[in-house]
Amino acid sequence: MVDFRSLRNAEAQSNLDFPIKESPSQTAGPYVHIGCLPNFVGVNGVYPKDLTINGALPDGDKITIKGFVYDGDGAIAKDIMIESWQANSAGDLKNGIWRRMPTDLETGEFKLETIMPGSVDGNSPYINLWIVARGINIGLNTRIYFEDNLDEKDMVWKHVPKERQFTLIAKRVEGGYKFDIRLQGSLEGEDETVFFDI
Amino acid sequence: MSNTNIRYTPRDRDWHPEPDFPEYRSTILRSPKQKLVVVPEMMADKTGPAFGQNVLGEFDNDMIVNFAQSGEKAIGEQIIVHGKIVDENGRAVPNTLVEVWQANAGGRYRHKNDNYQAPLDSNFGGCGRCVSDADGNYSFRTIKPGPYPWPNGGNDWRPAHIHFSIFGSGFSQRLISQMYFEGDPHIQICPIVHTIGDPRAVDQLTARLDMSNSKPLDILAYRFDIAIRGTNSTYFENKPEGN
Ligand SMILES: [Fe+2]
């Protein structure tokens, strides 16, 4: 038995084992905004403003993508947080654009204001999304492609089942693009948003 | 780190929590039914935003005072939470943003949707952030959060926990998790904890009481190390270019 006297000032063992494995994910929970967008939920005065972009929006074609996130019952989820990561208009990821946005607490709509990404390595322009919330145990990765800017030779496109490709395409609408996300589809599953193991 | 040579090790989906876990009711309608689509790793997965010390304010890493009236403090057991962020290859992850959030000492969140009867603490907001140093070490001060009940159809109480958000250098390393406290009896009865199947993985999310970093007659410390995805090219394989 270890002498308690030596434990009084003992150094803690690491909680990591060898070989090291990634720390397991846990849900972001219903109050993810307190940590990531505190001013949005009225926790004011800790940070001057919420972290919603890395720097300033660079030059390029300004676009706005709006949409809703639906659950398996077709209900609009209103407590979601989304992050996006994309190339700038020149296809440069060293100067990529990161954005963080909530779904609106009342309406559930999210709004991604950014620049039309340039093509990277000859692929279709796209935006990476990461979705976290209550009930999502590990963040979901998907991608926004653009109906008027889509190249079938894109290196990811051929891996996506044909009948589900439409779930990744933002549609041109008045004032920008529309992109809805279905966390869970019907049994046939064709309408469920394609999520990637990246 | 953000170069074309690296490949992140695939996520071990058996080690991570089960997405569809009915005992955690909210997963029933929010977990995809279709398999994740495996695709070639692209540049946009290997790169990501970089946030450094410049985003931080003076008290961001101190939840005891960062919401409090001047001269006042949050109520609760004051603690230091610290640790090292590494990747699965054991390499330190320097300069990465860590965001944390939690309930107050009574188990209540400062959020309009939290109507647990425990009172708010007017001096506690519940959010903090810090950036890992050159050796991957991070540290913040807070009060130990209380366990709380939550609507899940039964007699469900969360263990005391702190939510963590970690960036890393590639978007596919992005991670949100939770830290638990060693010895907490609520860990074994929590459905959210049990979305993780392997008890060793749960243990990895459990912080250890760290007496060597506690300050006598002042504040206790807990150690919580974090691992993010590594790369599967080894130093030896890539020796000519370095890694
Ligand atoms: Fe929580």
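Remember, it's a predicted structure, so these values are computed and weren't measured experimentally. (Residues numbered from 1 in each chain as written. Chains lettered and ligands numbered in written order. Predicted model: local features only at pLDDT ≥ 70, side-chain atom pairs only at ≥ 80, totals over all residues. Heavy atoms only, no water.)

Points about the interface of chain A and chain B
Residue-level contacts link 84 residues of chain A with 88 residues of chain B. Between chain A and chain B, a total of about 7,700 Å² is buried, with carbon and sulfur atoms accounting for 58% of that surface. Area buried by chain A at its contact with chain B is led by Asn15(A), Glu22(A) and Gln26(A), which between them contribute 12% of it. Counting every contact that joins chain A to chain B gives eight salt bridges. Glu83(A) is the salt-bridge partner of Arg174(B), the closest N and O atoms lying 2.6 Å from each other. At the surface where chain A touches chain B, the tally comes to 49 residue pairs in polar contact (both at pLDDT 80 or more). Only helix H2 (32–36), strand E3 (81–86), strand E4 (97–102), strand E6 (126–132), strand E7 (140–146) and strand E11 (196–197) of chain A provide two or more residues apiece to the side of chain A that touches chain B. Taken together, the residues of the side of chain A that touches chain B break down into 43 nonpolar, 23 polar and 18 charged. In terms of strand pairing, E11(A) meets strand E1 (residues 37–38) of chain B through two bridges, oriented parallel. Each residue of the ladder has a partner; that of Asp197(A), found in E1(B), is Val38(B). (Contact = heavy atoms within 4.5 Å. Buried area = accessible area lost by both parts, 1.4 Å probe. Salt bridge = Lys/Arg side-chain N within 4 Å of Asp/Glu carboxyl O. Polar contact = N/O pair within 3.5 Å; in protein donor to acceptor, adjacent residues only side chain to side chain. Helix = DSSP H or I, 4+ residues; strand = E, 2+ residues; numbered from the N terminus. Nonpolar A, V, L, I, M, F, W, Y, C, P; charged D, E, K, R; others polar. Pairing = 2+ DSSP bridges.)

A short note on the pairing of strand E4 (residues 127–131) of chain B
Residues and elements named next belong to chain B. Burial within E4 is extensive, with five of its five residues counted as buried. Neither face of E4 is left uncovered, since the one carrying Cys127, Arg129 and Val131 and the one carrying Gly128 and Cys130 both have all their residues buried. In this structure, strand E3 (residues 97–101) lies alongside E4, joined through five bridges in antiparallel fashion. Paired with Val98 across the two strands is Cys130, which belongs to E4. (Buried < 20%, exposed > 50% of the residue type's maximum accessible area, 1.4 Å probe, protein only.)

Some words on the domain arrangement of chain A
Residue and element names in this part refer to chain A. Segmentation of chain A into domains returns domain 1 (12–52) and domain 2 (62–182). Between domain 1 and domain 2, the C-alpha centre-to-centre distance is 22 Å. The junction of domain 1 with domain 2 conceals about 1,200 Å² of combined surface from both sides, 65% of it contributed by carbon and sulfur atoms. Here domain 1 and domain 2 share zero salt bridges between them. At the boundary of domain 1 with domain 2, the tally comes to seven residue pairs in polar contact (both at pLDDT 80 or more). Of the residues assigned to the side of domain 1 that touches domain 2, the class counts are eight nonpolar, six polar and no charged. (Domains from an automatic or database assignment.)

Brief notes about empty space enclosed by the protein
For the structure on display, the rule yields two cavities of 30 Å³ or more. There is about 80 Å³ of room inside the largest cavity. Ser25(A), Trp130(A), Ile138(A), Gly139(A) and Ile176(B) are, among the 15 residues lining the largest cavity, the residues nearest its centre. When contributions to the lining of the largest cavity are tallied by element, the ones reaching two or more residues are E6 of chain A together with strand E9 (175–181) of chain B. Taken together, the residues of the lining of the largest cavity sort by class into eight nonpolar, five polar and two charged. If you count residues domain by domain, the lining of the largest cavity takes at least three from each of domain 1 (12–52) and domain 2 (62–182) of chain A. Of the pockets and cavities examined, the second largest cavity occupies roughly 40 Å³. (1 Å grid on protein atoms, 1.4 Å probe; cavity = no way out; pocket = protein on both sides within 12 Å on 5 of 7 lines; lining within 4 Å. Points joined across faces, edges and corners; volume = space filled by probe spheres on them.)

Thoughts on the coordination of the iron ion
Residue and element names in this part refer to chain B. Distances from the iron ion to its protein donors, namely Tyr109 (OH), Tyr148 (OH), His161 (NE2) and His163 (NE2), fall within the range 1.9 to 2.3 Å. Seen from the iron ion, its four donor atoms lie at angles of 91 to 165°, and the figure they make is irregular. Donor residues binding the iron ion come from one chain and are separated in sequence as Y-x38-Y-x12-H-x1-H. Of this pair, Tyr109 sits in the loop between E3 and E4 while His161 sits in strand E8 (residues 161–166), and the two are 52 residues apart along the sequence. Given a relative accessible area of 2%, His161 falls into the buried group. (Donors = N, O, S within 2.8 Å, 3.2 Å for Na, K, Ca; no water. Tetrahedral: all angles 85-135°; square planar, octahedral: opposite > 155°, others 65-115°.)

Quick notes on the layout of surface pockets
By volume, the largest pocket is sized at about 560 Å³. Around the largest pocket, the lining comprises 27 residues; the ones closest to its centre are Pro30(A), Tyr31(A), Arg134(A), Trp150(B) and Pro151(B). Looking at the lining of the largest pocket residue by residue, the class counts come to ten nonpolar, ten polar and seven charged. Residue-level mapping places the lining of the largest pocket at the junction of two domains, with at least three residues from each of domain 1 (12–52) and domain 2 (62–182) of chain A.

What to know about the confidence of the model for chain B
All names here are of chain B. Chain-level pLDDT for chain B is 93 on average; 93% of the residues reach the 70-or-more range. Counting interchain partners and residues more than four positions distant, the pLDDT-below-50 stretch residues 234–243 has ten contacts. As scored by the predictor, the complex reaches a pTM of 0.95 and an ipTM of 0.96. (pLDDT = per-residue confidence, 0-100.)

As for the nonpolar core
Judged by nonpolar contacts, the single largest core of 89 residues is most densely connected at Phe196(A), Val81(B), Tyr138(B), Phe140(B), Phe164(B) and Phe224(B). Split by domain, this core shows at least three residues from each of two domains, domain 1 (12–52) and domain 2 (62–182) of chain A. Not counting the four nearest positions on each side in its chain, Phe140(B) is found in contact with Asn61(B), Met63(B), Ile79(B), Ile80(B), Val81(B), Val100(B), Cys130(B), Ile162(B) and Phe164(B). Counting 24 residues, the second largest nonpolar core, distinct from the first, contains Ile80(A), Ile82(A), Ile127(A) and Ile136(A). (Core = buried A, V, L, I, M, F, W, Y, C linked by side-chain atoms within 4.5 Å.)

Describing the side chain of Ser214(B)
Residues and elements named next belong to chain B. Looking at the element boundaries, Ser214 is found in the loop between strand E10 (206–209) and strand E11 (220–223). A polar contact is formed between the side chain of Ser214 and the backbone nitrogen of Ala221, at a distance of 2.8 Å. The residues contacting Ser214, other than those within four sequence positions of it, are Ile219, Leu220 and Ala221.

Some thoughts on the pairing of E10(B)
All names here are of chain B. Where E9 lies against E10, two bridges are found, and the strand directions are parallel. The residue of E10 that forms the bridge with Tyr180 is Thr206. Looking at chain direction, E10 and E11 are connected through two bridges and run antiparallel. Note on E11: the bridge partner recorded for Leu209 is Tyr222.

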